[in-house]
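# Coordinate inspection notes
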Amino acid sequence: MNHDREETKRLERVSPEVFATFLRAKKVAQCCMSCGGSRLVVPETDDAAYSASLAGSSSFAEKKYVIWYKISESKPASPDNCEYRVICSECGFTSYYWASLVVLWLEADLFPVEKTGGKK
Ligand SMILES: [Zn+2]
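Residues numbered from 1 in each chain as written. Predicted model: local features only at pLDDT ≥ 70, side-chain atom pairs only at ≥ 80, totals over all residues. Heavy atoms only, no water.

### A few points about the packing of aromatic side chains
For the record, the criterion: Put simply, two rings from Phe, Tyr or Trp (the six-membered ring, in Trp's case) pair if the centres are within 6.5 Å, and we call them stacked under 30 degrees between planes, edge-to-face over 60, tilted for the rest. Under the scheme used here, helices are H or I runs from DSSP no shorter than 4 residues and strands are E runs no shorter than 2 residues, and both carry numbers assigned from the N terminus. Each residue is assigned to one of three classes by its accessible area relative to the maximum for its type, calculated with a 1.4 Å probe on protein chains only: buried under 20%, partly exposed between the two thresholds, exposed over 50%. Any Lys NZ or Arg CZ that is within 6 Å of a ring centre and within 35 degrees of that ring's normal is treated as a charge sitting over the ring.
By the definition in use, this model includes five aromatic pairs. Geometrically, the ring pair formed by Phe19 and Tyr97 is edge-to-face, given 5.9 Å between the ring centres and 75° between the ring planes. Highlighted residues: Phe19 in helix α2 (residues 16-25) and Tyr97 in strand β4 (residues 94-98), separated in sequence by 78 residues. For the pair formed by Phe19 and Tyr97, the shared burial category is buried. In textbook terms, an aromatic cluster arises when at least three aromatic residues are bridged by ring pairs, as seen for Phe19, Phe22, Tyr84, Tyr97 and Trp105. Over the face of the ring belonging to Tyr69 we find Arg85, whose NZ or CZ atom lies 3.6 Å from the ring centre.

### Observations concerning the pairing of strand β3 (residues 82-88)
Short version of the rule: Strand pairing follows a simple DSSP-based rule, namely that at least 2 bridges must link the two strands.
Burial analysis of β3 places five of its seven residues in the buried class, which makes it a mostly covered element. Where strand β1 (residues 40-41) lies against β3, two bridges are found, and the strand directions are antiparallel. Bridged to Leu40 within β3 is Cys88. Where strand β2 (residues 69-70) and β3 come together, two bridges link them in antiparallel fashion. Among the inter-strand pairings, Tyr69 is bridged to a residue of β3, identified as Glu83. In terms of strand pairing, β3 meets β4 through five bridges, oriented antiparallel. Looking at the pairing, Arg85 lines up with Tyr96 of β4. In this antiparallel pair of consecutive strands, β3 and β4, the connection spans five residues, and Gly92 shows a positive phi of 90°.

Dropping the structure here:
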């Protein structure tokens, strides 16, 4: 398993439920910072993306995950180089959350990762 794929797997662990739990744990306001509306949407994998991820890896993505957006297009996807979006469905205002913090929080607090040796 190459390093880039490992990093992608870490991102794929962030399901919509995990991200929602993270936002609650961090006491993020559950309303739009622009209009105050309460209908916020987090883009998640649709069925096509879900199938593609299944095709690309034999066993990993068992459920939907939050779609990440690369910060630097020229670098591979990794928690350090990605962010998640929350979009207000009333005014369109979009806010971003750095994926690194979400993934590290998940790995430390929610579902601790079993380290498999010290191999890099
Ligand atoms: Zn809004």
